[in-house]
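# Observations on the model geometry
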Amino acid sequence: MNTTVSNQRTKTYAATRNACKICAPLGASVVFKGVRNCVPLIHGSQGCSTYIRRYMISHYKEPMDIASTNFTEEAAIFGGERNFDTAVRNIIEQYNPESIAVASTCLSETIGDDMEKIIRQFKARHAGESLPDIFFASTPSYKGTHMDGFHAATLSLVKHFASSGEPTNKINVFPGFVSPQDIRNLKTILQDFGLEATFITDYDETMDNPSWYTYKNLPEGGTSIAQLQSAGSAMASVELGKTLAKQQEETAGTYLNHQFGIPKISLGLPIGIHESDAFFKALESLSGKESPAKYIAERGRLVDAYVDGHKYNFGKKAVVYGEEDLVIGLVSFLEEIGLDVVLCVSGGKSGQMKRILKEDIQIKSHTEILDDTDFEEMAERCREIRPDILIGNSKGYYISRELNIPLVRVGFPIHDRMGAQRVQHLAYIGTQSLFDKITNALIEKKQNESPVGYKYM
Amino acid sequence: MSDKKKIELPDPSDIKEDILAKYPKKVAKKRAKSMVINDPEMDQEQQSNVRTIPGIITQRGCCYAGCKGVVLGPTRDIVNLTHGPIGCGFYSWLTRRNQTDPGPDGENYMTYCFSTDMQDSNIVFGGEKKLADAIREAYEIFKPHAISIFSTCPIGLIGDDIHTVARQMKQELGINVFGFSCEGYKGVSQSAGHHIANNRIFTDVVGLDDVVRPGKFRVNLLGEYNIGGDAFILEKYFEQMDINLVSTYSGNSTVRDFENSHTVDLNMVMCHRSINYIAEMMEKKYGIPWIKVNFIGAEATAKSLRKIAEYFEDDQLKSKVEKIIKSEMKEVKIVIDQVKPRLEGKVAMMYVGGSRAHHYQELFNEMGMVTVSAGYEFAHRDDYEGRKVLDSIKIDADSRNIEELTVVKDETKFRPELPEKKASLLEKGYRFEDYEGMMPDMKKNSLVVDDISHWESEKLIEYYKPDIFCAGIKEKYVIQKYGIPMKQLHSYDYGGPYAGFKGAINFYKEIDRMINTNVWKLIAPPWKNQPEIVAKMADVEY
Ligand code: SF4
Ligand code: SF4
């Protein structure tokens, strides 16, 4: 194991300057948007919901119906039960949804609104009416980031819905916070293995809609309630994300394991050859089938590309930032292609990222790892380290601009490029796309700066 | 532009009933008052600035958004520190596209997002110490001219006293430090935040620098936020007119300019909703009169420039203004002549802001387009019906929570010559404080909708089948799914500027491009083969 001085921070800051994390109910909203015919409801003042919608819209470029209980000053003092009642009834009236997914805010959590009770009492008051399923995730942002909200929402779903039943051959897949295109790709892969999968949740279609002929106030797609219920009788759960695997607290996968005895397979995000191999191997053993030839070919092409592109990538200094599990996945891939990852940054603070990067990924001894940090600290380090490339979301753009180096956009949020919904990160095919983007960004920079303007680089 | 074609709009009573039918009874009753079928000849009450009904998806933001995001966000020489958990600060991190020109001093903190990022223990034990540390830290790093603190919802609940911390830090650091109690739950929309921002800037900033700046005429432009570079265009006109634009609230602005802004001869108000408070307070305390101006639309710009020149009663100034108008209008006309044949009679709807839904109708009129329905997100009755209703507005519990400052005349800094000038001009028929609101400018039978919801806009789109719909990013992708061009009027769809003459030209071209692009041919709106409700009525020539 490596211990390096460079990971010792010289200074800690009181304020967060340009946060490298977002707030918890946003993560929960992403998960809830992946439930079929579900309206997310954020319990608090309307600003949180409006801001969260605004942010998700600028990334996904889709309608984003997320309701709020619209706290006023009175509600802030006396609790939001009345507002909750009105909100739920209005949502039912307008959307007739199959479920309403509630996420709390810092405000409702500070007041101490007991949501379980509020929901129970709502149901009691409306006994005899046909109500949608209403469930709840606790998502105070002073306790965690958008990823904590994301996982809390996922857990709340399986806790609310999963039930025991005749064992099936289905697989539960917990993909983590990836792109709709990633989910689409994973679905195809599982299908090709002949595996029937329940994605928890499946925001492939709901967050990347085609143009419609008639407007739908709830988009098509998403994980159905029946599917969520059947999560309790699945053959296995596949949970992606290495910090998640090491997490002390309960995850959706561990819950299903304890409650229903469903085996849990924990894997990293399948980015790069090594992690994708692990993913495909897991699918082979789950399905009892060899990887289809199509994927052997994809893998072969990816390795071939690694070799062809090596001369552009090798030794180039990269800085990677974003959600902890995404960073870990990316680093594992970047190490394979010879990029020198000099700095890994996340606003998350699971406390696991460092250890995993050192022990599992066996990152180089000089790589600096900063978790629970912000963009300004990252900028300070970058000014010194002088990386060649940044890999992360749009929020780091200002640093790439200052240093005059390329930024390859991955993760969330991406609001200064088209196609955020369709950025591919996962499996051989996603890695291929990342690989091409990163290598081309480096080539482009070199070409732009060549004094002659060569066409062969 | 003389428009011979008179367009009559259909009576939208049926669609209004249709929409309301879907709501629970009490909700329907409340929403009915927010949807008014307009008659410019008649005084009708437009319900507005009332609470959004929970569960009805609104486009409104919170008080904090109005205070930090809108009013203070575009000011560059101040460190704006959000006191609260991380989201509130993160989401307001330069999302509004306010542009700024830091010039040679380069001082600009707008690109930063500072937050105390409250954690569990801060919520339990209080966050005042963390706040103080964060202020010290910001001072140490940047040595800014001023630092301000913005409270978010949880702060109000745990009871951190940001104003005491501000006072202590002001003393300790020797720079101006002040706080805004703009917790998101206050008021009913961002409007409350505008008011809170106006108040604190007025008490803690305005009047700190008495040095009278050079120039024969000095003015402030209030309520212009330099989205997409609007203020840059206007600044050039003032330069050409030799008017010293001391400060703009708050596009391309500095706190230093605010400090000096009480030395002007005239305040000009663009966005009435967000900034009228400070105009009123400056008049009471310093005697500075204010007029309403509008620089959205070429005709409106010309009118406003003339009005300014008239105020100063200066012939040289008047001829400068005429010169500007003459040369700029030439270009305007060329473009209007190009686009008008393609756009005339097309139908627009717009629901945005606290003044834009009114101002932008001017631009559409100039292209011969018709606004069939419009509304604000967070305006008050006076923005709809005009300031004449101010005295009759009932103060409800939500507004009562927002402090109304008692302002008195500043005996040393008050300038008696200004009210005198005002009195003499009034006699000549010049009008001050003359905002008449949106409704008198809208057609008979147009539908005015306040705080429109998702559901309502969907129904209205199906009814009016507009050629263009203007609102914000939250509506954008809903509207486009219908195959209708959607123009964002908050952030300008990453375009602009649209103010002044040059801006008007940009806008005409943009709308022409949006409506007439080939993309829409690939998406057949569901009513493609149905008759158009408005155009059908539009053939009556007068
Ligand atoms: S917590 Fe309050 S201040 Fe923050 S975004 Fe939500 S409503 Fe606005
Ligand atoms: S109060 Fe909490 S939930 Fe609301 S925006 Fe702020 S951080 Fe997010």
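Model, not experiment: these values are computed from the prediction. (Residues numbered from 1 in each chain as written. Chains lettered and ligands numbered in written order. Predicted model: local features only at pLDDT ≥ 70, side-chain atom pairs only at ≥ 80, totals over all residues. Heavy atoms only, no water.)

The next thing to look at is the site of ligand 2. In the vicinity of ligand 2, the residues found are Cys23(A), Pro25(A), Cys48(A), Thr105(A), Cys106(A), Ser141(A), Pro85(B), Gly87(B), Cys88(B) and Tyr91(B). Counting atoms within 2 Å of the grid points, the majority share of ligand 2 lands in the second largest cavity. Grouping the amino acids of the shell around ligand 2 by side-chain chemistry returns 7 nonpolar, 3 polar and no charged. (Near = heavy atom within 4 Å. 1 Å grid on protein atoms, 1.4 Å probe; cavity = no way out; pocket = protein on both sides within 12 Å on 5 of 7 lines; lining within 4 Å. Sits in = over half its atoms within 2 Å of the grid points. Nonpolar A, V, L, I, M, F, W, Y, C, P; charged D, E, K, R; others polar.)

Moving on: the sheet that holds strand 8 (residues 266-269) of chain B. All names here are of chain B. Strands sit in the order 7-6-8-9 across an open sheet of 4 strands; the sheet is parallel. For this open sheet the edge positions go to strand 7 (243-250) and strand 9 (290-292), each flanked by a neighbour on one side alone. Each adjacent strand pair in this sheet contributes to an overall mean axis angle of 25 degrees, direction not counted. In this structure, strand 8 lies alongside strand 9, joined through 3 bridges in parallel fashion. Of the residues in strand 9, the one forming a bridge with Met-268 is Ile-291. (Pairing = 2+ DSSP bridges. Helix = DSSP H or I, 4+ residues; strand = E, 2+ residues; numbered from the N terminus. Axes fitted to C-alpha atoms, helices over the stretch in contact; angles between N-to-C directions.)

Residue and element names in this part refer to chain A. At a minimum axis distance of 6 Å, the contact between helix 1 (residues 24-33) and helix 7 (residues 146-161) shows a crossing angle of 45 degrees. If you check the angle between helix 1 and helix 7, you find them oblique. As for how helix 1 packs across helix 7, the hand of that crossing is right-handed. Where helix 1 approaches helix 7, its residues Ala-24, Leu-26, Gly-27, Ala-28, Val-30, Val-31 and Phe-32 are matched on the opposing element by His-146, Gly-149, Phe-150, Ala-153, Thr-154, Ser-156 and Leu-157. (Parallel < 35°, antiparallel > 145°, perpendicular 65-115°, else oblique. Left-handed = near helix turned anticlockwise from the far one by under 90°. Contact = heavy atoms within 4.5 Å.)

For the rest of this paragraph, the subject is empty space enclosed by the protein. One simple way to see leftover space: roll a probe sized like a water molecule over the atoms. If you walk through the whole model with that rule in mind, you get 14 cavities of 30 Å³ or more. Quantified by volume, the second largest cavity comes out at close to 200 Å³. Lining the second largest cavity are 20 residues, with Cys48(A), Cys106(A), Cys88(B), Cys153(B) and Pro154(B) sitting closest to its centre. Only helix 2 (46-60) and helix 5 (106-111) of chain A together with helix 4 (86-91) and helix 7 (153-158) of chain B provide two or more residues apiece to the lining of the second largest cavity. For the lining of the second largest cavity, a count of residues per class yields 13 nonpolar, 7 polar and no charged. (Points joined across faces, edges and corners; volume = space filled by probe spheres on them.)

To continue, consider the domain arrangement of chain B. Residue and element names in this part refer to chain B. When its domains are assigned, chain B resolves into domain 1 (13-59 + 356-381 + 439-539), domain 2 (63-184) and domain 3 (217-327 + 385-427). Between domain 1 and domain 3, the C-alpha centre-to-centre distance is 29 Å. Across the boundary between the two partners, domain 1 contributes 31 residues, which contact 33 residues of domain 3. Here domain 1 packs against domain 3, burying approximately 2,400 Å² in sum over the two surfaces, 55% of which is carbon and sulfur. Looking only at domain 1, the three residues that lose the most surface to domain 3 are His-359, Arg-381 and Phe-501, adding up to 32% of its buried area. (Domains from an automatic or database assignment. Buried area = accessible area lost by both parts, 1.4 Å probe.)

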